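Residues per chain, in single letters:
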Amino acid sequence: MTQRRQFLGFCGGLGLGLTLRPLPAFAAAPDQDDFAELNNALLDQCLLPRYEALAVAGESLEGALRRDCADGGLGGAEESKKAFHAMMDAWMAAQHLRFGPSELFLRADRMQFWPDKRGVTGRRLSQLLANPDPAALEPQRFAQGSVAIQGLPALERLLFDMPEAAEQPFACDLAVRIGENLKEISAGLLADWRDGPSAYAAVLRNARQGDAEFLDAKEASLQLAKSLRSALLIVVDFKLQRVLGEAVRNAKPKRAESWRSGRSLRNIEINLEAAQALYQNGGQGGFSALLRRQPDGPTLHVEIEAVFRRTRKKLANLPASMTEALEEEGGWQRLSAVRDDVSQLLALISGPFSQMLDLPLGFNSFDGD
Amino acid sequence: MAISRRSLLTAGLGLPLVGHAGMAFAVSGRGPLAVGASAETGGRFAVRMITGQGADGDIVDLPGRGHGAAWRRGAGVIPGEDPGEVVILARRPGRFAVVIDVAEGRVKQRFEAPRARHFYGHGVFSRDGRRLFATENDFDGGRGVIGVYDAENGYRRLGELPSHGIGPHELALLSDGRRLVVANGGIRTHPDSGRRKLNLATMAPNLAYVDSDSGALLQRFSLPEDLHLLSIRHLAVSRDDAVCLALQNEGPRNRLVPLVGFQRDGTEIALAETPAAVLKSMRHYCGSAALDDSGRYLAVSAPRGGRITFWSAKERRYLAEISVADGCGLAPAGGVGRFFISSGQGRLFIYDLTRGRETALYGGAPGLAWDNHLLAL
């Protein structure tokens with residue numbers, strides 16, 4: 001790689017480039033060594049730490065729910081609410097990592113069934129609470145039952161939006177069961193990523209040899225680039241566009257993620273922080289370092305960095321609750337500006353970033369049919 | 001020889017085209033010759049009419065991301081003379097369908113799949129144009145169906161036929177005007193889980209021949225057991241009913257498997273022997289398939305590999321490839337070895353395989369992305 005770069009520099013320096021045929025786009029593109037380094041760097045600096053944090057949060061949440069429910073009612077459940085927020089914080093940094101262990105056992109859906117366009121969570125929850133059936137909470141049956149009531153959105157309703165259920169012992173049992181379920185899912189995610197000879201981290205690290213998951217190291221890097229794009233896409237399409245609509249009067253605040261716990265914008269803030277870390281971390285092996293080594297990469301890097309910074313600054317000046325933000329004077333416009341920023345980031349990552357690194361994230365290649 | 005509207009495209013570009021009967025046409029090609037769904041700047045979705053001059057035809061907004069389209073032929077053969085209408089179907093798991101008057105470039109009508117169904121994005125008309133057949137998901141039943149719509153009565157849904165498999169995707173009508181051939185991709189999805197694949201362990205794709213009147217299964221072909229993760233997704237059918245298949249592999253990534261298949265009459269599916277380097281560059285994924293007007297050449301796109309591959313349909317073997325970043329949409333462009341090719345980066349051109357020549361129709365505007373499929377008119 002280094003040699004090739006020097007060679008290209010040498011040609012350019014002599015001005016020979018002008019008389020030669022234009023170089024094919026892949027001439028300066030990263031090679032398998034670069035991609036293998038990228039995969040290792042992001043595993044160590046982003047992926048594994050995030051799953052570790054998620055597993056810790058899952059364990060705390062389960063403990064808190066158990067303690068709050070010790071007297072048979074959720075009551076104020078202050079400790080549980082705090083633990084719920086910590087769990088959401090951790091999940092928001094991993095929500096967009098939709099490959100490998102998160103694809104197994106419907107873990108991502110079971111962790112957070114959202115967006116729930118048909119209102120399944122509310123319906124199923126009401127049904128269960130109206131006909132309390134302890135057998136429905138039997139661990140295996142619960143984990144293999146409806147994904148809509150076994151994760152974070154159902155717990156959020158119980159903790160923040162169902163005062164009538166708070167004193168019902170069955171609601172408490174359900175909350176504890178959800179906590180145990182979330183603890184089990186997050187521990188399973190971490191174990192599958194980190195532990196044992198078939199750990200997914202090892203699969204990712206060894207991708208350059210070709211394995212059942214990845215054709216080569218580049219394909220594993222593509223998966224990471226897709227995760228970066230997914231983080232931005234989910235924010236634009238689901239977390240902002242579906243809520244804001246095209247005009248103030250079309251806004252639908254109850255479509256926001258986590259509106260009941262008043263943390264919709266906090267979620268987005270963490271999503272963007274995680275996306276930026278995925279882009280920026282990894283030292284000399286990371287995406288941004290790799291990008292800066294490409295011709296025209298430094299300029300693109302400056303642009304991407306600037307939009308990340310600008311967007312996060314805008315978010316830092318908004319309340320955590322999107323409902324509140326929308327009630328503020330000019331709130332919709334401010335959120336709309338955030339949407340435009342993240343859309344711009346999405347376009348930069350899907351377009352020039354993907355092209356310069358030769359990691360196809362195009363309209364047809366990203367999510368085909 | 002039946003003259004297709006697109007055979008006049010060559011004339012429109014100032015190149016003489018000689019038909020089988022030895023006639024030369026000298027008509028300046030105006031009016032749409034193909035259509036393709038697109039994503040436009042600002043996240044809008046649309047369908048664009050493609051003329052001989054490029055993508056400067058009408059643009060019709062869509063309520064969401066479109067996918068494939070079906071052409072209900074009008075009476076005219078000369079561009080501008082009653083070209084008929086086109087139905088654009090929503091990409092899964094969408095439920096909308098938009099009927100467009102091709103000549104006027106405007107929406108004639110909209111309709112939807114029933115609540116308990118969604119479209120897979122492909123459809124085809126009966127030969128008399130009265131019925132539209134569209135692949136759909138009976139998601140709660142976990143089975144594929146073919147919705148039948150009455151084009152003469154406001155696209156009222158007449159009923160549905162079984163697709164005889166899970167995850168039906170592209171389908172075509174055979175020359176007898178009675179049999180439908182359906183690519184049942186085998187992958188189960190449910191709108192509540194977005195586009196997630198729910199049954200990879202038990203996935204079993206097939207190619208089914210279905211009676212378009214009774215829905216009866218006439219013939220069904222599967223892949224060998226060890227290739228059950230090879231999804232049969234897209235197909236192209238020649239005038240004499242040779243079926244070409246473009247596949248997507250959900251199996252182990254380090255096991256290269258053929259991605260193009262051929263099937264006709266009562267014989268089993270024959271997978272094309274393909275050089276390993278080509279398979280590797282295709283990245284286990286084909287996006288669409290099209291035969292040229294002669295039926296001799298097959299084009300198969302591999303958008304994840306940024307390749308368009310070309311195959312001999314008669315000899316069932318690999319011929320050549322070109323690089324097209326995020327290239328996916330394909331349609332015959334009139335003449336031997338000529339294809340429309342579109343890309344997610346907004347490119348649209350005609351590729352002449354026998355001359356190895358590209359003729360740009362549209363250079364691409366920032367923000368324009370062509371979706372997976374093109375439909376030639």
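For the structure itself, consult the block above.
These notes cover the structure that comes with them. These figures come from a predicted structure and were not determined experimentally.

## Here we look at the pattern of salt bridges
Residues and elements named next belong to chain B.
- Evaluation of the coordinates by the stated rule reveals 56 salt bridges over all chains.
- For R48, the salt bridge identified is with E40, shortest N-O distance 2.7 Å. By the burial criterion, R48 is buried, and E40 matches it.
- Note that E152 is salt-bridged to R72, the shortest N-O span being 3.5 Å. Of this pair, E152 sits in the loop between strand 12 (143–150) and strand 13 (156–162) while R72 sits in strand 6 (residues 66–73), and the two are 80 residues apart along the sequence.
- For R72, a relative accessible area of 16% translates into the label buried.
- Several salt bridges converge on common partners, so that one network encompasses R117, E136, D138, R143, R157 and E160.

## Some points on the packing of aromatic side chains
- As enumerated under the stated definition, the model contains 17 aromatic pairs over all chains in all.
- Between Y200(A) and F214(A), the aromatic rings sit 6.1 Å apart at their centres with planes inclined by 65°, giving edge-to-face as the arrangement. Taken together, the residues span a long stretch of sequence, with Y200(A) in helix 10 (residues 200–205) and F214(A) in the loop between helix 10 and helix 11 (217–244) at a distance of 14 residues.
- On the basis of relative accessibility, which here comes to 8%, the residue Y200(A) falls in the buried class.
- Between the aromatic rings of F111(B) and Y149(B), the centroid separation amounts to 5.1 Å while the plane-to-plane angle is 45°, which identifies the pairing as tilted. Taken together, the residues F111(B) in strand 9 (residues 106–112) and Y149(B) in strand 12 connect sequence positions 38 residues apart. Pair check on accessibility: F111(B) and Y149(B) agree, each one buried.
- Each residue in the set Y51(A), F99(A), W193(A), Y200(A) and F214(A) is aromatic and connected to the rest through ring pairs, giving one cluster.
- Stacked on the ring of Y285(B), the Lys or Arg R304(B) has its end atom at 3.8 Å from the ring centre.

## Re the pairing of strand 27 (residues 338–343) of chain B
All names here are of chain B.
- Among the 6 residues that make up strand 27, 6 are buried, leaving the element largely enclosed by the rest of the structure.
- Neither face of strand 27 is open: one carries R338, F340 and S342, the other F339, I341 and S343, and all of them are buried.
- Linking strand 26 (residues 327–332) to strand 27, which pair antiparallel, is a turn of 5 residues; within it G334 sits at a positive phi near 85°.
- Taken together, the 5 bridges between strand 27 and strand 28 (residues 348–352) define a ladder with antiparallel strand orientation. Looking at the pairing, F340 lines up with I350 of strand 28.
- Linkage of strand 27 to strand 28, two consecutive antiparallel strands, is achieved through a turn of 4 residues, within which G346 is found at a positive phi near 90°.

## Here's the deal with helix 9 (residues 169–194) of chain A
- Taking 1.5 Å of rise per residue, the 26 residues of helix 9 of chain A would be expected to cover 38 Å, and the 37 Å separating its terminal C-alpha atoms lies within 8% of that figure.
- Directly beyond the C-terminal end of helix 9 of chain A, a positive phi value near 80° is found at G196(A).

## A word on the environment of L224(A)
- You can see L224(A) is positioned in helix 11.
- In contact with L224(A), not counting residues within four places along its chain, are N39(A), L42(A), L47(A), F99(A), L278(A) and F287(A).

## So, the sheet that holds strand 30 (residues 369–376) of chain B
Residue and element names in this part refer to chain B.
- Taken in spatial order, the 4 strands make up an open sheet running 5-4-3-30, and their pairing is antiparallel. Every other strand in the sheet has two partners, leaving strand 5 (59–62) and strand 30 as the edge strands with one partner each. Neighbour-to-neighbour, the strand axes of the sheet open up by a mean angle of 20°, direction not taken into account.
- Bridge count for strand 4 (residues 45–50) against strand 5 is 4 bridges, and the pairing is antiparallel. The residue of strand 5 that forms the bridge with V47 is V60.

## Quick notes on the environment of G63(A)
All names here are of chain A.
- Tracing the backbone through its elements, the reader meets G63 in helix 2 (residues 32–68).
- The exposure class of G63 is buried, given its relative accessible area of 14%.
- With 120 residues separating them in the primary sequence, G63 and K183 have C-alpha atoms 9.5 Å apart.

## Looking at the interface of chain A and chain B
- Of the residues lining the interface, 26 residues belong to chain A; the matching set on chain B comes to 38 residues.
- Buried area between chain A and chain B, both sides added, is near 2,500 Å², and the carbon and sulfur share of it is 43%.
- Counting across the chain A and chain B interface gives 7 salt bridges.
- Across the salt bridge formed by R91(B) and D369(A), the nearest N and O atoms sit 4.0 Å from each other.
- Our enumeration of links across chain A and chain B arrives at 10 residue pairs in polar contact (both at pLDDT 80 or more).
- Counting residues per element, the ones that place at least two in the side of chain A that touches chain B are helix 4 (107–111), helix 11 and helix 17 (363–366) of chain A.
- Residue contributions to the side of chain A that touches chain B peak at 4 residues, all from helix 17 of chain A.
- Looking at the side of chain A that touches chain B, its residues break down into 10 nonpolar, 6 polar and 10 charged.

## Considering unusual backbone geometry
- Between W114(A) and the following residue, P115(A), the backbone shows a cis peptide bond with an omega angle of 0°.
- You can see P115(A) is positioned in the loop between helix 4 and helix 5 (120–130).
- Residues R92(B) and P93(B) are joined by a peptide bond in cis, for which omega reads 0°.
- Position of P93(B) among the secondary structure elements: in the loop between strand 7 (84–90) and strand 8 (96–101).
- Its identity as a non-glycine residue notwithstanding, H164(B) has a phi of 65°, on the positive side.
- Mapped onto the fold, H164(B) is located in the loop between strand 13 and strand 14 (168–173).

Quick notes on the rules
Residues numbered from 1 in each chain as written. Chains lettered and ligands numbered in written order. Predicted model: local features only at pLDDT ≥ 70, side-chain atom pairs only at ≥ 80, totals over all residues. Heavy atoms only, no water. Salt bridge = Lys/Arg side-chain N within 4 Å of Asp/Glu carboxyl O. Buried < 20%, exposed > 50% of the residue type's maximum accessible area, 1.4 Å probe, protein only. Helix = DSSP H or I, 4+ residues; strand = E, 2+ residues; numbered from the N terminus. Phe/Tyr/Trp six-rings, centres within 6.5 Å; stacked < 30°, edge-to-face > 60°. Lys NZ or Arg CZ within 6 Å of the ring centre and 35° of its normal. Pairing = 2+ DSSP bridges. Expected span 1.5 Å × (residues − 1). Contact = heavy atoms within 4.5 Å. Axes fitted to C-alpha atoms, helices over the stretch in contact; angles between N-to-C directions. Buried area = accessible area lost by both parts, 1.4 Å probe. Polar contact = N/O pair within 3.5 Å; in protein donor to acceptor, adjacent residues only side chain to side chain. Nonpolar A, V, L, I, M, F, W, Y, C, P; charged D, E, K, R; others polar.

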